[in-house]
Amino acid sequence: MSSKSINLTLKVWRQPGSKAAGRLETYQADNIPTDASFLEMLDIVNQRLTLAGKEPIAFDHDCREGICGMCGTVVNGRPHGPERETTLCQLHMRHFKDGDTVVIEPYRARAFPVIKDLVMDRSALDQIIMAGGFISVNTGQAAEANSLPVPKDKADLAMDAAACIGCGACIAACPNASAMLFTSAKISQFALLPQGRPEAAKRALAMVACMDGLGFGNCTNHKECEMECPKGISISNIARLNREFIKAALVSQEK
Amino acid sequence: MQLDAKIPAGPLETKWEKNCFDLKLVNPANKRKFEIIVVGTGLAGGSASASLAELGYNVKTFCIQDSPRRAHSIAAQGGINAAKNYPNDGDSVWRLFYDTIKGGDFRSREANVYRLAQVSNLIIDHCVAQGIPFAREYGGLLGNRSFGGAQVSRTFYARGQTGQQLLLGAYSSLMRQVARGQVTMFPRREMLDLVLVDGQARGIVVRNLITGEIERHTAHAVVLATGGYANVFYLSTNGMGCNVTAAFRAYKKGAGFANPCFTQIHPTCIPVHGDYQSKLTLMSESLRNDGRVWVPKQTGDTRRPEEIPEDERDYYLERIYPSFGNLAPRDISSRAAKRMCDEGKGVGPTGRAVYLDFAEAIQRLGQPEIAARYGNLFQMYEKIVAENPYKTPMMIYPASHYAMGGLWVDYNLMSTIPGLFVLGEANFSDHGANRLGASALMQGLADGYFVIPNTINGYLAGSRFAEVTDRHPAFKESVAEVVAKVKRLLSIKGKRTVQDFHRDLGNIMWEYCGMGRTDERLTKARKLVADVKAEFWENVTVPGSRADLNQSLENAGRVADFLEFADILLLDALARRESCGCHFNEAFQTADHEALRDDVNMSHVAVWEYAGEDKEPIFNKEPLVYEFVKLATRSYK
Ligand SMILES: Cc1cc2nc3c(=O)[nH]c(=O)nc-3n(C[C@H](O)[C@H](O)[C@H](O)COP(=O)(O)OP(=O)(O)OC[C@H]3O[C@@H](n4cnc5c(N)ncnc54)[C@H](O)[C@@H]3O)c2cc1C
Ligand code: FES
């Protein structure tokens, strides 16, 4: 690591509350160490705002290591910023140049209303999971773990899908604000595993119906979701969802 | 303070079964009449909420984050232990029990740890049934890896994202119960007080983090699963929101706080590099399966690692601890790294780092295999440090990571307050003075899936409950206190930020109460912390209002509690007249710098009791009785 500092101009979405109007405010962010993460840059700016008697910028974050899915805003038009497969908390300032202007906004999607500044309500994602993103097993009912072998390639694919952190970047990236990548990742994880098969049809129908009901748009194959996903979730999951859904709609009695 | 651990009599192997049989049951129809509050949705709280709801209890679950899926358990990387003995390498319930007791330097309860080992296998069964994509071998069966402090391979894992996958499993079970109406979920709420009526825990007061409203919630029992307090060191591997607040407020209402000075420093983290830094990132212990730790033999050697020939490197863990080598337990590995750096052999720009080198493993197994095992960790390292660890050895240094200490609980996980149960990292129960890798996930899930559903009924069926609504005077009083504190924080309008104070506190704790402690330095730290605390209440500035989302205010409350709690941690460190596990008082060490226990005088749990504002807490102890294992000097040589 070799630390330098850079000066940036920030244009940050400020919105005092969910019902209030918001606008972009300009801040000068000078002397930002290039080894700092993007969120540490915001910390520095917030310290300065606080000491100047102003309200700091509200933004969501927790783990700061790319796994909790809590961070995520749109940076220069891209959810989680410019680096591929990198959450905002893992993005470091060395990827910016001295003098850059950086525009920071919340996701723009009907299903994700703004709460304050960059903080959004993403509870719609929990609702999709509630609709069927689980295997119905109560504690105590399980069989011995190795009594159910799972082919390694299937287990690996299930893990690829399960790596989703639920940040919602896919929805922010999609011109239709579709939640297909998120939903398909969960459906795929379970569809690939023998444990998930008994409820596969019911799950696909219920989760898709819930997603449609929450105001997310349709998938029209723009593939932007895959591009922006910080965990590299593949759109092949969407194809799998579609297969599961069609199969379910055709043969299932649970319509 | 009464400290009855309620350990069932009889042989170790049958204690748990006997306990479950002896506790009263609640019949299914009556379960509907009980409300249980669960605070926290990590592995412990998530699994407890789901399992209690499956039994038919009405559950109200709270968390700070916007979704229960984001609790800090999500960040656990390496794996979860169980005594399946799939590799046929000599493992057993007894060995897992023994390794954990020994790993904790003989400062935990035999009965609790044995139960943990017993239910460990059920956890794996349940998690597989939930669809958790654990790593598998080509034959489709589950794979294992090794972790520190064990000579068997008993760790189950899902790439470097085991905590994420286990948490998403618990979360999906929880959401299933939310959909059924059996759990009501309250995200973005912070518990700010515990409410007692007739001496029983009957509810909590929380702040709605979006509207700022102070809410009251009643219940017949309260389960705290609010995680650990490693952030008392400011920089730690924990998430930014991890706090001691919920546990500390319960302590102030009469819950004993056990062994607060048992704080784990993890040996393999990315070193500190700047004062703007907000957290330290863990590089999972699983890396020590294949990575070799070394420093240059010569002090002050500034050559690049690849320029240092093999015979000028000191693979000090392999040298000092030949039988465990790079898999020596955390406390021992951390201290060894510190010693190397203190001797001037540290590397990197600050001299506070050692190498973790994969060259030999890459040669042996090939880069693709290393990538398959640790790809996400290598990627994480590269993002932060901007160096490629496939080519250049990683630089690592110890960092604050985990709290073995926590609220005191009996065998049924009930605190000293009737009706207040504590699970997961928030309690003190199973790890003694040092936790072994991959055993926190095991404990959190054991507590939530298997222990609490079988012990809470004993309390509910065996107690009488007054009719309590949220209009009860106890709630009113508690709300008034909470509001007064919030107002006070906002009214100071001083000149320093909350983060600034937190950083000061962390620096003191790390410098004076970190890997090497002395009476003199601990005493000095008490004074320094008291000064920071005093200044905080005069000079902190908390912008914004209390009537909406205000992250500075949230943080201010947490830091205020850390400042108060830190003194108890320091007191506890002073009171422990020995070195054991993570607690290393330099006055108590062997000739070769290992921890020197005092089993005659110090074989106890230290439990601190709140005595009032600005009064020293009262010291109590629960003696540890070893009936089944022989206390031995812990050796990994
Ligand atoms: C980086 C990292 C890697 C790790 N890797 C491993 C590993 O490989 N294996 C292993 O066994 N262990 C590992 N651990 C340890 C393990 O992850 C934790 O000890 C464990 O997950 C804690 O679980 P928990 O449920 O007790 O608490 P947490 O997961 O921390 O959950 C706490 C919950 O309480 C809520 N909460 C806290 N305070 C309040 C409040 N005041 N009001 C309302 N809600 C509140 C939070 O919102 C959250 O939902 C790791 C830890 C870290 C930090
Ligand atoms: S803060 Fe957790 S993913 Fe960024």
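Rules used in this analysis
- Residues numbered from 1 in each chain as written.
- Chains lettered and ligands numbered in written order.
- Predicted model: local features only at pLDDT ≥ 70, side-chain atom pairs only at ≥ 80, totals over all residues.
- Heavy atoms only, no water.
- Helix = DSSP H or I, 4+ residues; strand = E, 2+ residues; numbered from the N terminus.
- Buried < 20%, exposed > 50% of the residue type's maximum accessible area, 1.4 Å probe, protein only.
- Near = heavy atom within 4 Å.
- Polar contact = N/O pair within 3.5 Å; in protein donor to acceptor, adjacent residues only side chain to side chain.
- Areas by Shrake-Rupley, 256 points an atom, 1.4 Å probe, with all protein chains shown as cover.
- Nonpolar A, V, L, I, M, F, W, Y, C, P; charged D, E, K, R; others polar.
- Domains from an automatic or database assignment.
- Contact = heavy atoms within 4.5 Å.
- Buried area = accessible area lost by both parts, 1.4 Å probe.
- Salt bridge = Lys/Arg side-chain N within 4 Å of Asp/Glu carboxyl O.
- Axes fitted to C-alpha atoms, helices over the stretch in contact; angles between N-to-C directions.
- Parallel < 35°, antiparallel > 145°, perpendicular 65-115°, else oblique.
- Left-handed = near helix turned anticlockwise from the far one by under 90°.
- pLDDT = per-residue confidence, 0-100.
- Pairing = 2+ DSSP bridges.
- 1 Å grid on protein atoms, 1.4 Å probe; cavity = no way out; pocket = protein on both sides within 12 Å on 5 of 7 lines; lining within 4 Å.
- Points joined across faces, edges and corners; volume = space filled by probe spheres on them.

K.L.:
Even after reading the chapter, I still don't get unusual backbone geometry, so can you show me in this structure?
P.N.:
Outside of glycine, negative phi angles account for most residues, and trans bonds account for most peptide bonds. Phi angles above zero are rare outside glycine, and Arg64(A) is one such case at about 55°. Relative to the helices and strands, Arg64(A) is located in the loop between helix 1 (38–51) and strand 3 (74–75). Here Arg64(A) falls in the buried class, since its relative accessible area comes to 6%. For Tyr234(B), which is not glycine, the phi torsion reads 60° and is therefore positive. Along the chain, Tyr234(B) turns up in the loop between strand 9 (221–224) and helix 7 (245–252).

K.L.:
Is there a simple way to explain the site of ligand 1 in this structure?
P.N.:
In the neighbourhood of ligand 1, 38 residues make up the surrounding shell, with Gln65(B), Ser73(B), Gly78(B), Met191(B) and Glu425(B) lying closest. Chains contributing residues to the immediate surroundings of ligand 1 are chains A and B. At a separation of 3.1 Å, an oxygen atom of ligand 1 approaches a polar backbone atom of Leu43(B). A distance of 2.7 Å separates a nitrogen atom of ligand 1 from a polar atom in the backbone of Met191(B). In the complex, 97% of the free accessible area of ligand 1, which totals 1000 Å², lies under the protein chains. Mapped by element, the contributors of at least two residues to the shell around ligand 1 are helix 3 (43–54), strand 6 (189–197), strand 15 (394–403) and helix 12 (440–462) of chain B. Tallied by class, the residues present in the shell around ligand 1 amount to 16 nonpolar, 17 polar and 5 charged.

K.L.:
Help me understand the domain arrangement of chain A in this model?
P.N.:
It is common to give the size of an interface as the accessible area that goes away when the parts come together. All names here are of chain A. On domain assignment, one finds that chain A holds domain 1 (5–115) and domain 2 (122–134 + 150–254). One C-alpha centre belongs to domain 1, the other to domain 2, and the line joining them spans 29 Å. Across the boundary between the two partners, domain 1 contributes 21 residues, which contact 22 residues of domain 2. Taken together, the two surfaces of domain 1 and domain 2 that pack against each other cover about 1600 Å², and 57% of this comes from carbon and sulfur. Along the contact surface separating domain 1 from domain 2 lie 2 salt bridges. Of the charged contacts in the structure, one is a salt bridge between Arg122 and Asp60, with a shortest N-O distance of 3.9 Å. Inspection of the domain 1/domain 2 interface yields 5 residue pairs in polar contact (both at pLDDT 80 or more). Across the side of domain 1 that touches domain 2, the residue classes tally to 9 nonpolar, 7 polar and 5 charged.

K.L.:
Just to check I follow, could you spell out the domain arrangement of chain B for this structure?
P.N.:
Residue and element names in this part refer to chain B. Under the domain assignment used here, chain B contains domain 1 (12–264 + 402–462), domain 2 (266–398) and domain 3 (473–611). If you look at the interface, domain 1 gives 23 residues, while domain 2 gives 25 residues. When domain 1 packs against domain 2, close to 2000 Å² is buried across both sides, 53% of that on carbon and sulfur atoms. On the domain 1 side of the interface with domain 2, the three residues burying the most area are Gln77, Leu235 and Thr237, jointly 28% of the side's total. Here domain 1 is connected to domain 2 by 0 salt bridges. The class makeup of the residues in the side of domain 1 that touches domain 2 is 7 nonpolar, 14 polar and 2 charged.

K.L.:
When you look at the packing of helix 2 (residues 123–130) of chain A against helix 6 (residues 200–213) of chain A in this model, what are you seeing that I'm missing?
P.N.:
If you want to describe how two helices pack, look at the angle between their axes and the distance between the axes. Residues and elements named next belong to chain A. One way to put it is that helix 2 packs onto helix 6 with a least axis distance of 8 Å and a crossing angle of 155°. Judged by the inter-axis angle, helix 2 sits roughly antiparallel to helix 6. Considering the relative orientation of helix 2 and helix 6, their crossing is right-handed. Of the residues in helix 6, those touching helix 2 at Gln127, Ile128 and Ile129 are Met207, Cys210 and Met211. Looking at the contact of helix 2 with helix 6, its residues break down into 5 nonpolar, 1 polar and no charged.

K.L.:
What is the right way to look at the confidence of the model for chain B in this model?
P.N.:
For any part of a model where pLDDT is low, the fine detail of the predicted coordinates should not be relied upon. Summing up the model confidence of chain B, the mean pLDDT is 96 and the portion of residues at 70 or higher is 100%. The ipTM assigned to the predicted complex is 0.98, against a pTM of 0.98.

K.L.:
What is the right way to read the interface of chain A and chain B from this model?
P.N.:
Facing 76 residues of chain A, the contacting portion of chain B comprises 77 residues. Summed over both partners, the interface of chain A with chain B comes to about 6300 Å²; 54% of that surface belongs to carbon and sulfur atoms. Counting every contact that joins chain A to chain B gives 6 salt bridges. The partner of Lys84(B) in a salt bridge is Glu144(A), with the nearest N and O atoms 2.8 Å apart. Between chain A and chain B we count 45 residue pairs in polar contact (both at pLDDT 80 or more) in total. Broken down by secondary-structure element, the contributors of at least two residues to the side of chain A that touches chain B are helix 1, strand 6 (114–116), strand 7 (119–120), helix 2, helix 3 (152–162) and helix 5 (180–192) of chain A. At 7 residues, helix 3 of chain A tops the list of elements feeding residues into the side of chain A that touches chain B. Split into classes, the residues belonging to the side of chain A that touches chain B amount to 41 nonpolar, 17 polar and 18 charged.

K.L.:
Whenever I open this one, the sheet that holds strand 2 (residues 58–62) of chain B confuses me. Can you help?
P.N.:
To summarise the sheet geometry, strands pair through backbone hydrogen bonds and adopt either a parallel or an antiparallel arrangement. All names here are of chain B. Across the sheet, which stays open at both edges, the 5 strands sit in the order 5-2-1-9-17 with parallel pairing between neighbours. Sheet topology places strand 5 (183–186) and strand 17 (420–422) at the edges, where each strand pairs with a single neighbour. For this sheet, the mean angle separating the axes of adjacent strands, direction not counted, is 20°. For strand 1 (residues 35–39) and strand 2, the ladder comprises 5 bridges, and the chain directions are parallel. When the bridges of strand 2 are listed, Val39 appears paired with Phe62.

K.L.:
What is the right way to read the layout of surface pockets from this model?
P.N.:
A water-sized probe rolled over the atoms picks out the places where empty space is left. Roughly 1100 Å³ of internal volume is contained in the largest pocket. If you trace the largest pocket, you find 50 residues lining it, with Arg159(B), Gly160(B), Ala371(B), Ala372(B) and Arg373(B) closest to the centre. Residue assignment for the lining of the largest pocket shows that the elements contributing at least two residues are helix 3 and helix 8 (236–251) of chain A together with helix 11 (367–385) of chain B. The dominant element in the lining of the largest pocket, judged by the number of residues it contributes, is helix 11 of chain B, at 10 residues. When grouped by side-chain class, the residues that make up the lining of the largest pocket number 20 nonpolar, 15 polar and 15 charged. Lining the second largest pocket are 27 residues, with Val272(B), Arg352(B), Tyr397(B), Trp510(B) and Glu511(B) sitting closest to its centre.

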